[in-house]
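Commentary on secondary and tertiary structure
Here's the letter readout for the chains.
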Amino acid sequence: MDSQGMHDAVVSLAEELRGAEFPLRTTGSDEARAVKQELIGQIDDYLLPRLRQIGAPLLTVIGGSTGAGKSTLVNSLVGRTVSTAGVLRPTTTTPILVCHPVDLGWFEGNRILPGLPRQTGAPATGSRALHLVVDPDVPEGIALLDAPDVDSVVEANRELAAQLLVAADLWLFVTTASRYADAVPWEFLRKARARSTALALVLNRVPQEGLDAVPGHLAEMLRREGLGDAPVLTVPEAPLEDGLIPAGALEPVTSWLHHLAVDADARARVIRTTLEGAISSLAPRASVIGAELDAQVAAASALADEAHRIYDLALHEIEQSLSGGALLRAEVLARWHEFIGTGDVMRSLQSAVGRFRDRLNDLVLGRPPVEAEVRTEVERGIEAIVLAASDKAAERVIEAWRATPSGRALVEGDAVPLRSSNLSSAVDTEVRAWQASVLELVRRQGAGKRAAGRVVSVGVNAAGAALMIAVFAHTGGLTGGEVVVAGGTAALSQRLLEALFGDEAVRALTTRARSELLARLQKLLVAEAERFAQAARAGVPAPDRAQAVRTAVESVSAAAS
Amino acid sequence: MRSVLPRTKEPPLRDRLAALRELVEVAEGRLEGAEVAAARALLERAEERLGLGSDRTVVALAGATGSGKSSLFNALAGEELSRVGVTRPTTDSPLACVWGSGSEELLDWLRVPKRHHKEDPALEGLVLLDLPDHDSTEVHHRLEVDRLVRLVDVFVWVVDPQKYADAALHEGYLRPLAAHAAVTLVVLNHIDHLSDVERRQCQKDLERLLEADGLRRVRVLATSARTGEGMDALKAAIKRRVEEERAVTERLTADLHQLARDLSYLCRGKDVKRTVIPEAERERLVDALSGAAGVPVVTRAVARTHRRDAGLAMGWPFTRWLRRFRPDPLRRLHLRQEAGGRTSLPPASPAQRAEVENAVRRVATGAATGLPDPWPVLVRSRAGGSVDQLLDAMDEVVGGAGVGNLDRPRWWSAAGVLQVILTTMAFLGFAWLALLFGLEWLQIPRPPTPEVRELPWPTLLLIGGLLGGFLLSLLCAQLARFGAARRRRRVEQRLRGAVGDLAESSILAPVEEEVASHHSFCRALELMGGGR
């Protein structure tokens with residue numbers, strides 16, 4: 001194994017992992033978040049320090065359940081009180097590292113556990129710092145770290161314990177005759193197995209009557225879990241002497257530790273086992289991250305696609321509504337028909353007098369000219385249709401999203417409002433712009449010699465209004481009499497236009513006006529859908545992050561071989 | 001949650017359960033499955049447990065593996081009923097010891113098959129359970145504990161100096177059962193392992209942790225099954241619970257409190273008072289519905305028909321016949337006949353339908369403002385039923401409003417008679433003149449024609465009749481115009497009223513009902529968890 005190459009590969013993997021975010025709630029997001037935290041912790045607290053300095057002392061972390069007697073064990077191994085022991089739970093709140101004075105240099109800097117500040121002297125309770133104690137009785141090349149309880153009622157302790165255990169070259173797992181079947185510690189033991197961390201168990205406080213049955217039962221349980229290689233060091237229950245376990249009872253632990261202290265090769269083997277185990281456990285766990293990144297991207301785009309699909313459907317519905325014929329209220333339509341003449345179009349065309357009379361009427365009655373009313377009416381109608389369709393689409397998106405765990409969190413409590421606040425005025429603006437361009441269209445079409453005179457006789461505004469009405473009844477490909485049947489109420493307008501511009505031109509004009517309107521409305525609806533799509537994509541990493549994680553994992557594996 | 005109840009005394013369990021029943025009814029089909037299921041399960045459990053009688057008290061010894069539950073159980077039973085061992089975990093399935101008889105049904109309900117019977121008048125009515133551990137590697141032990149913890153009346157949590165601060169106990173059981181302090185006992189066992197000072201420290205520390213869990217009023221008893229220390233106090237504490245016969249009620253009350261607390265997020269924030277839909281919103285809705293129902297078309301037709309009828313009744317007879325060729329606008333809409341049947345009103349335009357949808361949505365959104373999930377969705381779906389159905393119903397309403405029933409004002413006939421007289425006069429004058437003309441043509445000398453101020457009578461009659469009729473028709477037309485406008489307003493009022501009634505019954509009432517369902521949910525919740 002190339003240490004430097006491995007170091008660089010692990011550094012770049014850590015970089016990739018730090019960038020992996022999981023904002024969407026998927027089936028695997030919680031797990032991925034936990035795995036990410038754990039991997040980063042393992043890399044920073046253990047792998048990188050160990051890869052940089054393979055010769056550093058063996059860090060033995062003493063972990064275990066609350067009340068199992070970890071602190072007493074450490075004190076007894078050192079031969080004096082370095083860690084507060086007692087009946088109060090949890091006792092150890094500040095982790096204590098005990099080492100030989102020669103080895104102190106290895107631990108003073110930020111080589112291992114860079115996240116924890118260092119502290120010497122009397123341990124201050126409650127501070128989250130690594131407390132360093134030197135003692136010449138501790139063998140050189142071995143450091144003992146007293147960790148907090150893995151199953152403490154204080155959550156911060158549990159987290160710290162997990163962090164410290166990850167940093168260990170060797171776990172000395174302390175349990176007791178009454179606790180060895182607890183579920184929580186076994187979860188930690190399984191994690192140790194998954195990472196091939198070197199492991200030894202201390203079975204503390206075994207009563208006389210249990211000395212035959214209990215160690216055997218524990219060994220059997222370890223075998224069943226695939227941890228049969230881990231030594232079980234049994235410490236019988238004995239009254240404490242000055243708060244320390246009597247030497248006789250502690251003998252199995254001291255001799256095991258002594259054996260490790262004198263044999264540098266054995267220490268190196270332990271370190272190597274744990275290191276290699278940690279490295280080979282990186283790939284399967286990092287692949288969880290890669291898979292979850294893929295899942296996040298897929299979930300985000302599925303949500304966004306769903307939103308766009310529903311809004312597309314809304315646009316289609318708007319199109320249907322607009323072709324449904326009368327966009328005008330019956331009253332306004334009746335007035336329009338009176339204006340352009342209920343009977344013969346040509347008569348009406350020639351009868352400038354009739355229109356003059358209408359104008360006079362409008363003036364006397366104080367109502368707006370009929371074309372203006374048609375335009376207002378068209379505007380109002382389109383706005384109502386678009387708002388209704390857009391609101392309905394938003395409701396459908398919310399309903400669809402609520403059915404998925406990732407979408408549900410995004411729309412909880414109206415996080416995305418039904419419509420953007422300015423949609424109503426945006427529709428107004430678009431429709432007015434469209435109307436202006438319809439008038440422009442008519443004006444240009446009327447510039448031809450044949451049509452010019454006729455357009456002048458009705459007025460551009462009236463011709464424009466007729467075109468707007470015809471657009472909504474435009475049934476594509478029908479002309480003349482067919483339109484009367486199909487188009488119903490808009491037939492008169494169609495005929496007026498045909499008289500002005502001719503069949504062909506009218507068809508082109510209506511198609512053009514219609515597609516322009518739909519294009520403008522589509523722009524609005526896409527923007528509405530995009531609000532949802534953006535909420536889905538917010539914070540989701542780019543699609544290539546997953547590949548980057550996989551590449552980083554591959555280079556770690558390559559460096560290992 | 002704001003209180004709507006006077007805080008005088010604790011409502012009895014019976015009332016709380018009635019509130020729970022109402023709550024389940026409201027929640028059914030509205031809330032998520034898990035929440036309704038929890039409420040319904042509690043209701044069933046409470047009814048079953050109360051049905052089994054509260055003169056028996058089920059006390060369960062629960063705790064971690066190795067804390068000495070079985071030793072305590074044996075000590076209380078006074079005989080080695082439960083196996084005690086050094087390897088962990090020991091107790092595999094729950095074991096019952098019953099004082100007195102007649103608890104078979106209760107134990108069947110608890111599904112505890114291993115039973116022992118003891119006779120001791122002091123503990124008559126006690127059903128003591130030895131539970132498996134909750135924290136060992138054996139998962140089925142924990143599942144069994146979780147099942148029984150829901151059913152028993154009194155918990156005795158057994159801890160030892162090694163394990164009293166385990167997260168598995170505090171986070172898994174004591175904190176979630178914080179409402180159950182009244183039926184919880186905590187026993188610190190194995191105190192023979194500690195010195196007196198340590199014992200006091202340990203007990204104090206345990207009490208501190210319990211307080212942090214929210215179990216303020218819980219007593220901690222120190223015992224040792226091995227030396228028998230503290231056993232009498234434990235026995236006395238259990239005996240008291242059995243004698244009081246209150247544990248069943250207290251346990252269920254605590255469950256109801258707990259459920260109320262779990263669901264309280266649904267009644268937080270805004271006042272839960274009944275939301276009133278503002279008048280302006282109602283008006284907008286009626287406007288939109290009226291437009292879609294064709295009310296303006298109908299009123300216009302009513303006015304026109306009125307004028308047409310007036311013209312037919314009182315118009316100038318010489319042009320009156322022309323009016324017959326003009327169609328009757330109301331008849332065209334199929335509104336002329338008596339009430340009923342489909343009208344021929346033009347269907348609502350897409351824009352009008354959209355306006356109806358928008359108005360309905362506004363009403364629903366406004367009414368649901370401030371309500372917690374899922375009520376806004378519920379309110380919207382109750383309001384926004386099928387627009388097609390609504391429009392059909394409105395067509396019927398308009399058709400059935402009897403707008404075609406146009407009674408004629410009485411003066412119309414008088415004016416009609418006057419028209420006839422004037423026309424007759426004109427005819428008389430014309431006939432007279434024709435006679436005079438005929439006589440002249442036949443060269444027959446004319447009789448003298450009476451005159452008024454130089455004007456001959458026949459001429460006067462003809463011109464007067466024609467002119468008078470014409471002027472009368474103009475006057476009548478103008479009067480009919482006023483009448484038409486008045487009638488139009490009346491019809492409009494009537495139709496809007498009818499449409500408003502329909503809006504009330506098919507949109508506003510369901511919306512208000514749905515909003516009110518939240519109100520009654522919260523009232524039930526408050527009643528259920530009230531007091532304390």
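Residues numbered from 1 in each chain as written. Chains lettered and ligands numbered in written order. Predicted model: local features only at pLDDT ≥ 70, side-chain atom pairs only at ≥ 80, totals over all residues. Heavy atoms only, no water.

**Focus on the overall build of chain B**
Put simply, the rule reads: Starting at the N terminus, helices and strands are each numbered in turn, a helix being any DSSP run of H or I of at least four residues and a strand any DSSP run of E of at least two. C-alpha atoms define the radius of gyration in this analysis, and the globule rule sets the expected value at 2.2 Å times the number of residues to the power 0.38. Burial classes: relative accessible area under 20% of the type maximum marks a residue as buried, over 50% as exposed, and values in between as partly exposed (1.4 Å probe, protein chains only). Two residues form a contact once any of their heavy atoms are found within 4.5 Å.
Secondary structure summary: chain B contains 18 helices and nine strands in total. Taken over the C-alpha trace, chain B has a radius of gyration of 45 Å; the compact-globule value for 532 residues is 24 Å, which it surpasses by more than 25%. Taken over the C-alpha atoms alone, chain B extends approximately 160 × 40 × 40 Å along its principal axes. Burial status across chain B gives 50% buried among its 532 residues. Restricting to contacts in chain B with at least 6 residues of sequence separation, those with at least 24 account for 77%.

**So, the overall build of chain A**
To keep things clear, this is the line we draw: Here, Shrake-Rupley sampling with a 1.4 Å probe gives the accessible areas, and only protein chains in the shown set may cover a residue.
For chain A, the helix and strand inventory stands at 21 helices and eight strands. Split into buried and exposed, the 561 residues of chain A put 54% on the buried side. Counting contacts in chain A only where the partners sit at least 6 residues apart, residues at least 24 apart contribute 79% of the total. Of the roughly 22,900 Å² that chain A leaves accessible, carbon and sulfur atoms contribute 54%.

**Examining the confidence of the model for chain A**
Residues and elements named next belong to chain A. Stated formally: For every residue, the predictor assigns a confidence score, pLDDT, that lies between 0 and 100.
When pLDDT is averaged along chain A, the result is 82; 85% of the residues meet or exceed 70. Across chain A, strand β8 (residues 232-236) holds the top mean pLDDT of 91, while helix α18 (residues 480-487) sits lowest at 40. In the model, residues 342-350 has pLDDT below 50 throughout and makes 15 contacts with residues more than four positions away in sequence or in other chains. Scored below 50 in pLDDT, residues 476-487 shows 15 contacts in the model against residues more than four places distant or in partner chains.

**A closer look at the interface of chain B and chain A**
The test is simple: Buried area, as used here, totals the accessible surface that two parts lose on assembly, with accessibility defined by a 1.4 Å probe and the loss added over both. A pair is scored as a salt bridge if a Lys or Arg side-chain nitrogen falls within 4 Å of a carboxyl oxygen belonging to Asp or Glu. Contacts described as polar in this section are N or O atom pairs within 3.5 Å, which, within protein, must combine one atom able to donate a hydrogen with one able to accept it, while residues neighboring in sequence count only if both atoms come from side chains.
Taken together, the contacts link 46 residues of chain B with 50 residues of chain A. Each partner contributes to the roughly 3,800 Å² buried at the junction of chain B and chain A, and carbon and sulfur atoms together form 53% of this total. Of all residues in chain B, Val86, Gln162 and Arg361 of chain B give up the largest surface area on contact with chain A, accounting jointly for 17% of the area buried on that side. At the boundary of chain B and chain A, one finds nine salt bridges. With its nearest N and O atoms 3.5 Å apart, the salt bridge here joins Glu32 of chain B to Arg408 of chain A. In this assembly, chain B and chain A are joined by 16 residue pairs in polar contact (both at pLDDT 80 or more).

**Topic: a positive patch on the surface**
What counts here: Patches here: salt-bridge-free residues with over 30% relative accessible area, like charges joined within 9 Å, nonpolar side chains (Val, Leu, Ile, Met, Phe, Trp, Tyr) joined within 5 Å. Under the counting rule used here, the positive set is Lys and Arg, the negative set is Asp and Glu, and His together with the chain ends is not counted. For the purpose of locating charges, the reference atoms are NZ of Lys, CZ of Arg, CG of Asp and CD of Glu.
A cluster of basic residues, Arg307, Arg323, Arg326 and Arg481 of chain B, forms a positive patch at the surface. With respect to the secondary-structure elements, Arg323 of chain B resides in helix α12 (residues 317-323).

**Some details on the side chain of Gln296 of chain A**
Residue and element names in this part refer to chain A. Note that Gln296 resides in helix α9 (residues 264-323). Within the structure, Gln296 has its side chain in polar contact with the backbone oxygen of Leu24 (distance 2.8 Å). Setting aside chain neighbours within four positions, we find Gln296 in contact with Phe22, Pro23, Leu24, Thr26, Ser29 and Val540.

**Focus: the sheet that holds strand β3 (residues 115-118) of chain B**
Residues and elements named next belong to chain B. Spelled out, the test is: If DSSP finds at least two bridges between two strands, the strands pair. To get an axis, fit a line to the C-alpha atoms, keeping to the stretch in contact for a helix; angles then go from 0 to 180 degrees between the N-to-C directions.
Pairing is mixed in the open sheet, where seven strands are placed in the order β3-β2-β4-β1-β5-β6-β7. Lying at the two open borders of the sheet, with one neighbouring strand each, are β3 and β7 (220-222). For this sheet the average axis-to-axis angle between neighbouring strands, irrespective of direction, equals 20°. Examined bridge by bridge, strand β6 (residues 184-188) and β7 share three bridges and lie parallel to one another. Residue pairing for β7: Leu188 is matched across the bridge by Ala222.

**A short note on the state of the cysteines**
Residues and elements named next belong to chain B. Inclusion rule: Cysteine sulfur atoms are paired as a disulfide whenever they come within 2.5 Å of each other.
Counting across every chain of the model gives one disulfide over all chains. A disulfide bridge connects Cys267 with Cys522, and the sulfur atoms are separated by 2.0 Å. Its torsion about the S-S bond being -95°, the disulfide of Cys267 and Cys522 is classed as left-handed. Linking Cys267 in the loop between α9 (247-263) and α10 (279-293) with Cys522 in helix α18 (residues 457-529), this pair joins segments that are 255 residues apart in sequence. On the basis of relative accessible area, Cys522 is assigned to the buried category, the value being 2%.

**A closer look at the packing of helix α2 (residues 33-51) of chain B against α9 of chain B**
All names here are of chain B. Going by this rule: Just so you know how the angles are binned, under 35 degrees is roughly parallel, over 145 roughly antiparallel, 65 to 115 roughly perpendicular, and the rest oblique. Classes in brief: Ala, Val, Leu, Ile, Met, Phe, Trp, Tyr, Cys and Pro nonpolar; Asp, Glu, Lys and Arg charged; the others, Gly included, polar.
Contact geometry for α2 and α9: axes closest at 11 Å, N-to-C directions at 170°. Considering the angle they form, α2 stands roughly antiparallel to α9. Of the residues in α9, those touching α2 at Glu35, Ala38, Ala39, Leu42, Arg45, Ala46, Arg49 and Leu50 are Val248, Arg251, Leu252, Asp255, Leu256, Leu259 and Leu263. Of the residues assigned to the contact of α2 with α9, the class counts are ten nonpolar, no polar and five charged.

**A short note on the packing of α9 of chain A against helix α13 (residues 370-402) of chain A**
Residues and elements named next belong to chain A. Using the following cut-off: Less than a right angle of anticlockwise turn of the near helix away from the far helix marks a crossing as left-handed, whereas a clockwise turn marks it as right-handed.
Between α9 and α13, the shortest axis-to-axis distance is 9 Å and the interhelical angle comes to 150°. By the angle between their axes, α9 is roughly antiparallel relative to α13. Once α9 is placed against α13, the crossing between them reads as right-handed. Here Leu303, Ala304, Glu306, Ala307, Ile310, Tyr311, Leu313, Ala314, Glu317, Ile318, Ser321 and Leu322 of α9 come into contact with α13, specifically with Ile382, Ile385, Val386, Ala389, Ser390, Lys392, Ala393, Ala394, Arg396, Val397, Ala400 and Trp401. In the contact of α9 with α13, the residues fall into 18 nonpolar, two polar and four charged.

**Things to note about the pattern of salt bridges**
All names here are of chain B. Tallied over the full model, the rule gives 68 salt bridges over all chains. With a shortest N-O distance of 2.7 Å, Asp153 and Arg49 are connected by a salt bridge. Residue Asp153 is found in the loop between α5 (139-149) and β5 (154-159), and its partner Arg49 is found in helix α2; the two are separated by 104 residues along the sequence. Asp153 gets classed as buried once you look at its relative accessible area, which sits at 1%.

**Quick look at the environment of Ala266 of chain A**
Residue and element names in this part refer to chain A. As for its placement among the helices and strands, Ala266 is situated in helix α9. Exposure remark for Ala266: the relative accessible area of 7% places this residue in the buried category. It is 22 Å that separates the C-alpha atoms of Ala266 and Leu222, two residues lying 44 residues apart in sequence.

**Regarding a nonpolar patch on the surface**
On the surface, a cluster of nonpolar side chains totalling about 480 Å² of accessible area is made up of Ile463, Leu467, Phe470, Leu471 and Leu474 of chain B. Its location among the elements puts Ile463 of chain B in helix α18.

**With respect to helix α8 (residues 231-244) of chain B**
All names here are of chain B. To keep things clear, this is the line we draw: One fewer than the residue count of a helix, multiplied by 1.5 Å, yields its expected span. Note that the arc is defined by the directions from the helix axis to the C-beta atoms.
When the terminal C-alpha atoms of α8 are compared, their 20 Å separation across 14 residues agrees well with the 20 Å that a helix rising 1.5 Å per residue should span. Taken together, the buried positions of α8 are occupied by Met231, Leu234, Ala237, Ile238, Arg241 and Val242. Looking down the long axis of α8, one finds its buried residues gathered within 135° of arc, a one-sided arrangement. In α8, the exposed positions that point more than 90 degrees away from the buried face belong to Asp232 and Glu243. Buried residues along α8 sit in contact with β1 (57-63), α3 (69-77), β4 (126-130), β5, β6 and β7.

**What about the pairing of strand β1 (residues 58-64) of chain A?**
Residue and element names in this part refer to chain A. Of all seven residues in β1, seven are buried, a share of seventy percent or more. Residues Leu58, Thr60, Ile62 and Gly64 point to one face of β1 and Leu59, Val61 and Gly63 to the other, with burial holding for every one of them. Bridge count for β1 against strand β5 (residues 142-146) is five bridges, and the pairing is parallel. Looking at the pairing, Val61 lines up with Leu145 of β5.

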